[in-house]
Structures are given as C-alpha cells and as structure tokens.
Amino acid sequence: MATPPPTPGLRKLVRNPFFILGLTPEASRAQIEREGQKLLSMLQVGFGEASHYHTPLGPQRRTAEMVRHAMAELRDPSRRLCHEVWAAYCPPPDDCAKPVGSHTPDQPDPWEGAFASFGWRMS
Amino acid sequence: MHESGPIYVGIDLGTTNSSAAVFDGEQVTPVRNATGTALTPSLVRIDGSGRISVGHRARKFLAHDPDSVRGEFKRLMGTRKGLTVASNTRRPEELAAELLRALRRDIETQVGVAPDRAVITVPALFELPQIAATREAARLAGFTEVEMLQEPVASALAAGFRADHSHGHWLVYDLGGGTFDVSLLAARDGFVDVVGHDGDNFLGGRDLDWALVQWACEQIEREHGVVLSRANSAHTPILGKLKRALEDAKIELSQVSEASVVCPDLIPHPDGARHLELQITQADLEAICEPVFARTVDVCQRLLAANRVRANEVERLVLVGGPAAMPALKKYIEKALGIELARGYDPMTLVARGAALFAASANLDARPKAPAPASAHRLWLRHPAVSADLKPHVVGRVMRADEQGAPTQIKLSRNDNNWESAWVSLNQEAGFIVGVELIARRSNIFTIAAKDEAGNPVVVDPPTLTIVQGMSLSDPPLSRRIGIALASDRVQVYFDRGEPLPARRTFRHHTVETVARGSDTCLLKIPIVQGEFDRAHLCRLVGTLEIPGTGLKTTVPAGSAVDVTLELDRGGNLTARALLADSDQVFDEVAHLLVPEASVDVLEATYQRSGNRLQELRKAAFRHHQDGDFRQRVETVARGLDGVGRDIEAARGGDDDAGLKARRMLLELDAQLEDLDAEIQWPALLEEAKWKLAWAAHWQQKYGSEHEQRLFNDASMAASKARERRDAVELERQVGLAYDLGFNAFVRDPQAWPSLFEQAAAAVDNARDLPAAHALVADGRDALAREDRRSLERVVRKLWNILPATHKQRRQAFESGLR
Amino acid sequence: MSAAGLVLLCVLLCVALVAAPIPSSELGDPNSPRARALRMSELRLASTLTALAVFILLTLYVLGRGGGLDAIAILAGLVGLALMVIHPWIAVRFILIPLGQVRLVHTISSLGGYPWLRDPTGGAALAATLALMRRSHASELEIEWIERQIQGRPLRGAGLAASGLLAACRGDTETARALLRSVEAFDSERCPLTAWRIALEWQMADAASSGDWQAVKRLVQHGPQPSRTAVFLALVARRLTGEWVTDQKLVRAWIRAPHRLDNLRLLQRALRNNEDITDTPPLHPLVDLSEVAANGGSSPQVAAQALMVGFVQNPRAGVPKDRFFRLVDTWEQTLASTSLHTHLSRRVLALQANHSAEELLEQLREQLSDDLAALARAHDLAIGEATGSSGSLRELCVRKFRELLLLEVESTATALASRLQKLEAQDFAHNFEVVTHWRSFLAAREIYEHAAKLGGESLRRMAFPKLEKQLNRLALLALSRFDERGFADGIFRFLLWEAEAQHNEVSAAAYRHNLAAGF
Ligand SMILES: Nc1ncnc2c1ncn2[C@@H]1O[C@H](COP(=O)(O)OP(=O)(O)OP(=O)(O)O)[C@@H](O)[C@H]1O
Ligand SMILES: [Mg+2]
C-alpha cells in the first residue's frame, strides 16, 4: 500500500499522463476520454492487467486517482503539450523492466555478533 | 410515474432561494413546491412552541414576526455560530436541513419516491469546513448519499449539456443572493470542458440591497435629519424592514420603470415615528448598482485573462440567478464585456438542473435499490452513466464465475436494434470489455445477453444498462487549491483547483526540527492549507496533522523524510496521513478546523493594522516616487479597506455575515498589501545594499586580507546578479555576506572596539540581565579610559552575549515542521 | 618506633593533602561541583594511601610479632574491602555489570570515584546502562528509570553516552548513532575517557555488524587507549579490508580479548581471508542510451530523456557529476533545437492551445531546471560550485540547487528560532530537555554540513550565519539559565571550528572567548 512517492524531479516522467493512460502523445481527445474511462472501469472491477503501467523507469502502480488526474491534465491543451514532450521517449517494456533504485551497493561481511563481542546481549 | 428508468436529483441550496430538479435520462424537470413555483425561499421559521415552517410559509411571517424567521444561514455554514430563532438556538446546518427536508418532500410529491441520493450545489469558493457542514445538513435531512458540486460548474453543465458541437468559449455568469460565480466553458472536438471558474463569495443581490439601503438612508437623512446606522443595533429592525421594502422595489423594477417604497412609521424621530415614502426609478437603480456590477465584470475579466481568452472569443454569455432578471444588469454586462447574451435558459433553475445532470454522471440514482431476481447471475458492471464520447467501453465481471451455468460469453445490443456487439468471451478474471456505440444526445439502453459454456442463454442481473450521451462531468472538480504549508512559508500544492475528485497524492517532505521520542514539549505540525496564495500564511488553515513526541517509536531528527499523503473524496472530505519513512510509523490524526469566527475586536485590530500599513505604503510610495500604477493599486486597497470598515460596523450591529466577509476581505487585502510592500521595499533594499557594500568595500580595502577581498568581490558580483534578477532574498544573502566580511576587516581598525562599545552601551537597557550589563558598561568605561583594548574587547563581547540579538526572522507558517 | 613514625607521617601527609587548598586558582567557588569533585578525589587518594599504609604497617607489625600467613590474609581481605568501598568501579565492572544488576550498579557507582571523576551522575547512569545491556531484554521501565537519573542535571560526556546507549536499547539506532558519535564533541574536562571509549566501542560494534569495516578501522584510530576487544576488532577490520596482518597477531589479540567463544567465528573468518582483495568492485557497464536514442528516435527530446533515464537507473556509474552535466547540456541543446520548436508550434496550432511555442519552451525550461536541481539533490551530487554561462540551463540548475540547500538550512534555523522563542518565554522552573536539544543541534549540524559539502565554500559561508545565530542563542541560553556548560561548549566548539574554517575572525574570537571564560 505504501509505495514511496517518486523522486522529486522524476515526477514528470514517472507520472506522465500518457504513460498512465498507456497512450502515445498523438492520441486524440476522444481516445483519451475513452481509454481513461475504460481504465477507470477496469480498476473498479479489479482487473489485474490495469494495475500497472509502463514508464521508461520501470513499471509503476496505477490507481484510479492517477487516471482521473491524467485525463484532467490532458484536457488542457497547454498542459498536455508539456506532457507530450516528456512522453517522447518510452522504450519497450522489457528494456525498462528494471525498477528504479534497484541498485544497492554490496555490503561486505556484516558481523552479526559484533555487539556480543563486547559482551552486550542486545544492540 | 417514473417506475421504469432511474431518477437523478439535483438541489440548489441558495442563500435566498433554493430549488430542485429531476432528470430521467431524457428530460430535466424543475420540481414545483406546494405553491406551484420552482423556487423555495431559503427561510425557516420556528415559532415559540418549536413548530417549523419553511419557504413561502415562513416568508409570510417575515412582515409581522421577523424574529421567528431566519434566512441567509448558508453564509454561516461551517461556523460554530448558533443562530437564535425565536428563543430556539440552531446551528446553520440544522436550519439548512429543514430546508432540504422540505425540498425532499416536494420531490417525493412530484416523482413518487423520496430520494435517498442527490447532488447539492455549493458556491465555488466554499472551503472544506463549509462543505462538510452542507453534507451534514443533507444527512440530517435524510439523504443517505450526497455529492457536492460547485454552482458555476452545475450551471455550466446545464447550459452545455445539449450543446451543438461547436468550437468556442462560453461564459456562465451567476449572480445570486450572496455569492457571485462565473465559469468559462470551452467546446473542443465535441467535448465541452469547464476551463476555469472564479467568483466572489461575498457579492450578490444582497449587496445591491444594502447599496439601496445606503441610498435610502441618505435620502432619509436629507429629508428627516435622522441618521440610521448599521452599527447601531437599535436600528437593526428598522434597517431590516427598509431593506425588505427596497428589495421588493428592486424586483418590481425588473418589470416596470418606476417603483415606490412605502413604509409606515418607519423612521424614528424625536417627534414620533414618521412614514417613509420614496420613489425609485430605473436610472436611480442603475446608478446605485453600478459599483457592484463593475466588481462582477472585474471578476469575469480576471477569469478570461487567467485563461487567456479574449472577450470577443466568447460566443455566449449565460446569465444565472435572481439579479439576472434586472434589465440594468443585462445592459451593463453586455456593454462592459462586449458579449451577446444567450437566451432560452431559465436563470433561476439552471443550477438545480445542472446538479440533476451531474447526479446522472455520478450515477446517483435516487431510487431505493430494488432486489435482484434470485435465479439471475450477478454481473458487476462499470461504465460511464453519461458519456460525451460516442464509443465508450463497458467493463464487467461475472460474480461467482465458477458456479454451474455461469455465463462465459456476453453480448450487448442497443434497444433501437440498430447496433449490437459481437459475442465476447470472458477473460481469465471472468471479466469482459465491450466497446459500445451511442446515439448522440439520447438516453441509450442496452440489453445484456449471456450464454453459458454449453451455449444456453443465461439470465443476468442487471439485464440492461443505460448510458446517456451528452456533456459529462463525471468527477466534481476541486474548488480551491489544497496543499501543505512549509516552514519556509511556501506551499507544497497537492491538489490544484479544478483537480477531479476523488484525488490522492503523496509527496516526500523533510522535517525541520527534531522531535524527541516521548517528549511532550515536541510536536511536529503539518498544517494543511487551502487557498490560491503562494505564501502559506495567507492561505486558510483547514486542518493540522500532528505528530506528537509521545507517540513516536524513535526520535525523529531534523531532516528526516516524511511521506505525506492527502486524500480527498468526491465530496471534498479530507484525510491526511504521514508516514515516517525511517521508522515506518503512520500518523493520521487530523485536527479539523471550523471556519474561524470573526470576533469583531480581532477584526477591528487587524483592520487598524492594515490601515497603518496602508499609510506607510502611501508615504513610501511618495518617498520612492512610485509611478501612477502603483499608487492606483494602493488606492484600490484603500477602497477595499473602506468597505471592510463598513462591514465591521455592520458586524458590530449584529450582522455575522458582514463579519465573515470583512475577514475574508482583510485576508485578500493583506495579500495585496504584501505584494505592494515587496515592491516598495525593493528600492529601499537596493539603497541598503548600496551603502552596506560601500561600507564593507571601504574596510576591506583598508584591512582585508587577499583571501577576504576575493570573497568580497565574489559576493558583490553575486549581489549585482541578484539585483538584475530582482531576487530580493538572494540579494539580502549576498549583501549580508559582504557586510560580514567588511565587519571582519573593520574590527582591525584601532578605533573599532571603542565605537562598538559605544553602540553596545547605548543599547544596554534592553539587556536580559540589567545589573550585570550596567556593571559591564562601567568596566568598559574604565578600560576605555585606560586605553586597554583587550579588556574593552572582552567587555563588548560579554555585552553582546547578554544583549538580545536582533534578527529578522522568517515566518514559519502555522508552525509547520516540514520543508 | 620507626614504624609508628612512618604511619604518623603517612596520616599527616594525607591530612595535609585533604586540607590543602585546591590548587587551581580558577576554581574560585569552593562549592562548585568541580571543586567538590576534586576534593572528593583527593579524599579518595588520601584514604587509599592511608589504607595501604595501614596495611603495610600492620603486616610489618604482625610479621614482627611472628604471626602467621593466615592473619595477613585476613588483613589483606579487610583492606581489600575498604579499597572496594573507596573504588567501587572494581566490583561494579567485574561483578555487578556482568550480572546485569542495574539498580545496584547505579547505587554503588553513585559513590563516585574512578573512572567517573569528570561526570559522577552520568557515570553511574552509564554503568547502569552497561549492566542493562548485559541482559537479554531491556524493559522500558528500566530504561526510563535510568533516564530519570540523569534528567535535570547538566549534561556531560558519560550522561550523553548513557543516553545514546539507552536509545540503542530502545531500538532507536539513528539516535544512538548520532548521540554516541557526538560524545567526542564534549570537552575532555567534562567527559570521562571511559565514556568516550564505550561510545567508540558501540560505534565499532554497530559498524561491524553492518559490515562497514573501514569505519571500524577509522574509529579505533582517533580514540583513547582502546580496550582489548576493540584492538581485536580493529585487527580483524584491517585484515578484512585487505591490509596485511599476521595470523599470530590476530590470534594473540583474540586470546587477550574477552568473550573468546563469541569471537571465535569472527577470528576464523578473518584468518580465512588471507589474500589481498581488490578494493574496487566492478562497475556496472554504462549503457550509452543517447546512442540508442540517436538510432531509434527522431525527436530531439528523446536523447535527453534517454540520458536522464540512464542516469537515474545507474546513478553511481562513471563520474556522476559529469554525467549529470552532460544531461543538463543535452537538455539545453534540446530546448534550443529548431526541431522541437517547430514540433511544438505545429502542436500548438493543432490543439488550439492558448500558449505559444516560445512560452511553452520557457515553461519547460523552468520546470526542467527545478527537476534537474531536485534530481541532483536527491542523488547528493556536489554541484554547488559549478558555473555556467549566464542564463544557461546549467546556471539556472545550479542556482536552484543552491537555493534548495540554503532553504534546508534556513528552514532548520527558522524552526530552531521559534523553538528557542518558546523556550525563552518559559519560566525558570521548567527543566531543559538537554539530550533532546543536543540531538536537535546534532541534526541541524548534520543538515548544515551536508549542505556545505554539496554546495561548496560559498554556500557554506552563506548558510552559516543563519544557523550560527540560533545555535549561539541556544548555547547562551543553556549556559546562562541551566548551567549546561558541556552542552554549550559543544556548540561553541562547533561554531568556532566553522568560523575558523571560514576565516571569520570576529566570530571565531567570540566563540573562543565564550569557550575560555564563560561570561
Ligand atoms: N426579478 C428579480 N429582479 C431583480 N432581482 C431579483 C429578482 N428576483 C430575485 N432577485 C434578487 O436575486 C437575489 C436572489 O437570487 P438567487 O435566488 O439566484 O440567489 P441564491 O441562489 O439564493 O443565492 P446564492 O446563489 O448566492 O446562494 C436576491 O437578492 C433577490 O433580491
Ligand atoms: Mg444561486
């Protein structure tokens, strides 16, 4: 339930309305309304396939609020144009399957007994 | 009458008049009350024995028993204020509930069912507490599920619903009894959008009435030498009577060109009460009302400008509300905006109609739910109830799909037999998606057919579904921006105005102070504010999420990450949640606030303060030779303040609404004053920067090391860049830096410490520890006489330590603990 | 006769020692805690000497009388008991702490003496905490009890260490780390060496248990004389990080340190690790997504976006700063490109937007600079010193980045200021939650230091005065009202260090003054 918010600075990419609706920047207004409406219905009915969307930074969870917001954003031509710029690049899903932040530096040799070495039973 | 189809109910809960409308998928019909009209006056009467009458019946008592009748309670929704009606005290929402109950009865008489679900409209600028109060009123009136919609959006929806598919903009202008709303619609690609709306919560027919009262008072003073004042509570009943008479005259003037006002024994006079007789003409009315009209035009122009639409691009102007009947208004607006009026809309019921249409979009069928036949297979269907799109999708799922004889294939066919879908098989999740085709501007009914595995037809529930084609607005938009106030007095916007509801958003913040685990003195506050201002302190605080030290699992040091989630449901109910990222602890206790009551004394004090600020500004404007535009803006604020002064007077006379209005106006004027202040301070800041830099440069040249001089040059360069950008904050920072460098050099001067000592000694009376300070000053004088620099320096340092530091402190908006 | 004379001499010496005026002329007030502590330690020294002298004398006497060894043993026992009362630490450390006798340890340690001469109250609490840590489970009740013992007294080193360890007992590791790390900020006058050593040991254990052996090594280097376990751990750390340490040395350290059984596995692991390890793990190959984009995409923004995605997916690869600026420059080119401009103009017409392409580009630029600055901040890139040509995206970005950092420090200072305001308005009876304020100071310092690291020298100079004012105010308040000398000095020392680093002589002199003499 608690997915951390996207890193500031990446919101435009990760929460891009076109990605959320699964549409290309060329989509017509009718397509946007139709697709949004369909996704909302699918989410309400609980279709698994609607629960995630693809972004260049990996799959993200989709919620009804996001879809609604995305539709509203794309209704305003000027705002839509800005989002179009950000939706220009989306590699096919398998290229970007790696989710953000999966890179963890490897920890060499932790020593669980370190506190016990000093005689402390608890840390 | 309506047994077959669904019924959607919309209610316009007005300040002066309320109305309701029902929509059956094809037609919107206004609901008539017992007197046969569509309008019910928003009046509630409670008599001595507690009996309640509403609407026209209450109105009858207005003339001879005004104390038992109460109106205009809508304006006080969300305040804690108890309203006294003939020795009964009721909260505003209780009175509103009586009104809603009466409307509900009228609907029942007309359509045969008492509605459980409805849409109720609220002014666009209502804030969360007011909306919550309206919701509570609906609950008290017996509605189980209600949604709120902004009035301008409702009238826009009603005006645009059956629009022909043209391109262009429309303006919907709603001047009501107490509120003014205007919304801008755009028709594009066959879709009609509400592009924006604006308004003034405290502007309406009421202001016209008071302007008339003012005018009448002047006449009375001239003729009878009697001064009537709103601040004098003894005059309140007289003025009330006068206002009612004038309002009637105003309404009369919508039909005729001259009206007379007659009130027997109205005017108190030392020689005995006198009659009032006044003649008022169209021309008088026009002149009196013009300032109010002008204000509405300002708001319209503001809205157009904000959306970059020129007036000549607006195709239609729809007038809504009581005053829209005034010929003077129509003439004025048409001329001032240069837009032709659209005809054919009933200005009094448009809002209720829009609400009914929205009820359909939101799928709020007013009928109680009917039980399904036992043999049928349940389908879980989702589709838009109203769709602008001609080819929407219907999504569904079969419940209990693993049962014997459950459907495996689905087909939809439109009832006019001109369209049907192919047979669609269910997917693994027992769901299906069917794209349907609609007939434009009609209510489209589809029959659902189903087959099981063996190909036998299956009965499903529901057997049909209805989609209305027309302008739709499935999600109510948020009326005012909501965000979190940050410690830097900025606002992190969570939801902008117009945001479709429900909405949820999460942002990551960081704490600015350390909250110790278990400490009862530490408290992390997360203030939630509503309003359009960039500076948090100007916005309205609508709730605070608090994280107490006593509830923490671990100490939360400054700089810790906090994920704050705000969530608004369809009705604008707010919930907030803070997750401490490190310890995984969640807090969601929000202290909700009411609309703060406007105590007259507090208002008065704020008013005085603003007045002083205005005087300062005037002086500064003179000093810095500000241009005409600036002065004009100052004068606009001055006029606004005058209005506030009058409202405060009225509030003293017992008019609570005027008090609320004064409060809001003061807030807005404060924002304007602050803008003006910032502007006027710029030259002062520049001047200060200039002498500080010059002073510092002087000492740097004399005593500065090479390194220091380089730093100094960097700082003054950065300062001049900041000056070019007009970045006051950065300029102050850089100048401060340069000044400190200069000071560093200055203390190397042999005369520095003596002069610093004199400065400190001059301020000694402010010291925290007076005896010690005086002793130190004496020591210093000794050292000065002995020319002992070292001890003098020591004395000065000690003095500095006990003198209170003077520093400008940034405002920490609502004590916000986040950045 | 000569023996009696010796005893007399001894006793006289002791009396003289106790009665002599306290040597330090700065201790004007004979009732000051410091003076009292000194007197106590003198008394202790005197009684120790007396006890020993009496023991020697009596032994001689017994031997002279031809007494047996058993009599001497009884004598030794008695004297030992007396010494135990005079120096409770011996029994506390070797018997009571291992037994986990929290309250008993506290009571006995309250008698004072070595090693808590510089912080008797804090020392007793620290000893009690050590006892608590020997138990398998710490109850909240016990923790609170110990906390109460230090509340309301001026904070000193041992008290601070105890607070840190108690936070650790509660599972609040972050607080424990911050507090224990800050023990060294206390003046050695107010911090018993043992407290410092224990703080270091906990930090070593903490680092070791998360596998940060470099930190273990670092910790042991600048502390006081390390304990046997610390020596052993440090050797293991050196071995594990690839330094050459002989097997014999390791084994010898292991044998010397207590808890051999617990440490055996670690020893084995260290011994196994006998080849040098390369210290740089292989880097993830850097995918040049811009090439991908150049081949596949036709619109100009694709390249920039691909770079951005590449950066976010693998922020540590290569030189992050350089990659970041390449990203910024690519965006700059993109925004300036005619193809984006024509594309936007076309779309503006098609969608009937009420903004022109130029305005949209301006908006994009504004948003981008915000986003890129936030990205740099999120990845802790030190770009505060970077410069770009005036008006470039690079410059805009850096400026916003600096603004973010300054805001972090300034907001912290503002919050501190309003808390101080409340504190100053409180009446004197209110007690000062010194550990809380210390933690507050540490957090503020950390925010400042981090900002200074990322923002560079000029930002450091700009951010400092805001925080300086409030911290100085806090320290002065603590000192003048609550007599928290150690607390105030810790803050003054930090301020002095910063002021000196920035060559701010005036401020530096002020803090030196505050540190030296108080006021
Ligand atoms: N025919 C008329 N001519 C002029 N003014 C009128 C007429 N009828 C009503 N009014 C005025 O219109 C106002 C009421 O308008 P309306 O009924 O639209 O308000 P409301 O919807 O109750 O208020 P609100 O929308 O602010 O809550 C009153 O001030 C009344 O005096
Ligand atoms: Mg109305």
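As shown above, the structure is provided for reference.
Residues numbered from 1 in each chain as written. Chains lettered and ligands numbered in written order. Predicted model: local features only at pLDDT ≥ 70, side-chain atom pairs only at ≥ 80, totals over all residues. Heavy atoms only, no water.

Visitor: Residues and numbers for the site of ligand 1, please.
Guide: All names here are of chain B. For ligand 1, the set of nearby residues contains 22 residues, the closest of which are Thr15, Thr16, Lys74, Thr179 and Ser254. A distance of 3.1 Å separates an oxygen atom of ligand 1 from a polar backbone atom of Gly178. Within the backbone of Gly322, a nitrogen or oxygen atom sits 2.9 Å from an oxygen atom of ligand 1. Summarising the interface, the protein chains cover 92% of the accessible area of ligand 1, which totals 640 Å² for the free molecule. Residues of the shell around ligand 1, tallied by class, amount to 5 nonpolar, 12 polar and 5 charged. (Near = heavy atom within 4 Å. Polar contact = N/O pair within 3.5 Å; in protein donor to acceptor, adjacent residues only side chain to side chain. Areas by Shrake-Rupley, 256 points an atom, 1.4 Å probe, with all protein chains shown as cover. Nonpolar A, V, L, I, M, F, W, Y, C, P; charged D, E, K, R; others polar.)

Visitor: Got a sec to walk through the pattern of salt bridges? Specific residues and values, please.
Guide: Counted by the stated rule, this structure contains 88 salt bridges over all chains. With a shortest N-O distance of 3.4 Å, Asp47(B) and Arg51(B) are connected by a salt bridge. Of the charged contacts, one joins Asp601(B) and Arg652(B) as a salt bridge, the two residues approaching to 4.0 Å between their closest N and O atoms. Separated by 51 residues along the polypeptide, Asp601(B) in helix H10 (residues 600-623) and Arg652(B) in helix H11 (residues 628-652) bring together distant segments of the chain. Of the residues examined, Asp601(B) reaches a relative accessible area of 56% and is grouped as exposed. By relative accessible area, which is 43% here, Arg652(B) ends up partly exposed. Several salt bridges share partner residues, and in doing so they unite Arg490(B), Glu730(B), Arg733(B), Glu403(C), Glu410(C) and Lys466(C) into one network. (Salt bridge = Lys/Arg side-chain N within 4 Å of Asp/Glu carboxyl O. Helix = DSSP H or I, 4+ residues; strand = E, 2+ residues; numbered from the N terminus. Buried < 20%, exposed > 50% of the residue type's maximum accessible area, 1.4 Å probe, protein only.)

Visitor: I'd like to hear about the packing of aromatic side chains, residue by residue, with values.
Guide: Counted under the stated rule, the structure contains 30 aromatic pairs over all chains. When the centroid spacing of 5.1 Å and the interplanar angle of 50 degrees are considered together, the rings of Trp438(C) and Phe441(C) count as tilted. A residue pair is termed a helical-turn pair when its members lie 3 or 4 positions apart in one helix, as Trp438(C) and Phe441(C) do in helix H21 (residues 434-482) at 3 residues. Under the relative-accessibility criterion, Phe441(C) is labelled buried at 0%. Among the aromatic residues, ring-to-ring pairing joins Phe186(C), Phe432(C), Trp438(C), Phe441(C), Tyr448(C), Phe464(C), Phe482(C), Phe487(C) and Phe494(C) into one connected group. Between the NZ or CZ atom of Arg104(B) and the centre of the ring of Phe143(B), over which it lies, the distance is 5.4 Å. When the ring centre of Tyr739(B) is taken as origin, the NZ or CZ atom of Lys692(B), which lies over that ring, is 5.0 Å away. (Phe/Tyr/Trp six-rings, centres within 6.5 Å; stacked < 30°, edge-to-face > 60°. Lys NZ or Arg CZ within 6 Å of the ring centre and 35° of its normal.)

Visitor: Lay out unusual backbone geometry with the relevant residues and their values.
Guide: Residue and element names in this part refer to chain B. The amide bond that connects Asp461 to the next residue, Pro462, takes the cis arrangement and shows omega of 0 degrees. Tracing the sequence through the fold places Pro462 in the loop between strand S26 (460-461) and strand S27 (464-469). Looking along the chain, the bond that leaves Leu501 and enters Pro502 is cis, with omega of 0 degrees. Within the secondary structure, Pro502 is located in the loop between strand S29 (491-495) and strand S30 (503-510). At Arg308, a residue that is not glycine, the phi angle is positive and equals roughly 50 degrees. Residue classification places Arg308 among the partly exposed positions, given a relative accessible area of 38%. Of note, the phi angle at Arg726 is positive, near 55 degrees, even though the residue is not glycine. Considering the arrangement of structural elements, one finds Arg726 in the loop between helix H13 (706-725) and helix H14 (728-746).

Visitor: Give a description of the nonpolar core that names residues and reports values.
Guide: Note that soluble globular proteins tend to have their nonpolar side chains buried in a common cluster. Trp213(C), Phe324(C), Leu372(C) and Trp438(C) are the most contacted members of the largest nonpolar core, which totals 194 residues. In terms of residue count, H21(C) provides more of this core than any other element does, 23 residues in total. Grouped together as the second largest cluster of nonpolar side chains are 54 residues, Tyr173(B), Leu212(B), Leu239(B) and Cys300(B) included. (Core = buried A, V, L, I, M, F, W, Y, C linked by side-chain atoms within 4.5 Å.)

Visitor: Can you explain the packing of helix H15 (residues 752-762) of chain B against helix H17 (residues 789-802) of chain B? Please cite residues and give values.
Guide: Residues and elements named next belong to chain B. At a minimum axis distance of 10 Å, the contact between H15 and H17 shows a crossing angle of 30 degrees. In this structure, the crossing between H15 and H17 has a hand that is left-handed. Facing H15, whose interface residues are Trp753, Pro754, Leu756, Phe757 and Ala760, H17 presents Arg789, Leu792, Glu793, Val795, Val796, Arg797, Leu799 and Trp800. In the contact of H15 with H17, the residues fall into 10 nonpolar, no polar and 3 charged. (Axes fitted to C-alpha atoms, helices over the stretch in contact; angles between N-to-C directions. Left-handed = near helix turned anticlockwise from the far one by under 90°. Contact = heavy atoms within 4.5 Å.)

Visitor: Can you break down the sheet that holds strand S7 (residues 69-71) of chain B residue by residue, with the values?
Guide: Residue and element names in this part refer to chain B. Read across the sheet, 3 strands follow the order S6-S5-S7 without closing on themselves; strand pairing throughout is antiparallel. The open sheet has two edge strands, strand S6 (52-54) and S7, and neither has a second partner. Geometrically, the sheet is characterised by an average inter-axis angle of 20 degrees between neighbouring strands, direction not taken into account. Strand direction decides the pairing type here: strand S5 (residues 43-46) and S6, joined by 3 bridges, are antiparallel. Across the sheet, residue Ile46 finds its bridge partner in S6, namely Ile52. In the packing of helix H2 (residues 92-111) onto the sheet, contacts are made with S5, S6 and S7, and the angle to S6 comes to roughly 65 degrees. (Pairing = 2+ DSSP bridges.)

Visitor: Go over the interface of chain C and chain A with me, naming the residues and quoting the values.
Guide: Across the contact, 65 residues belong to chain C and 40 residues belong to chain A. Taken over both partners, the interface formed by chain C and chain A buries close to 4600 Å², and the fraction arising from carbon and sulfur atoms is 66%. When the area that chain C buries against chain A is broken down by residue, the three leading residues are Met133(C), Gln305(C) and Gln313(C), summing to 13%. One can count 2 salt bridges joining chain C with chain A. A salt bridge links Arg347(C) to Glu84(A); its shortest N-O distance comes to 2.6 Å. Elements represented by at least two residues in the side of chain C that touches chain A include exactly helix H6 (120-134), helix H8 (157-170), helix H10 (193-209), helix H12 (228-240), helix H14 (260-272), helix H16 (300-313), helix H18 (338-351) and helix H19 (357-378) of chain C. Sorting elements by how many residues they give to the side of chain C that touches chain A places H19(C) first, with 9 residues. In terms of residue class, the side of chain C that touches chain A is built from 34 nonpolar, 21 polar and 10 charged. (Buried area = accessible area lost by both parts, 1.4 Å probe.)

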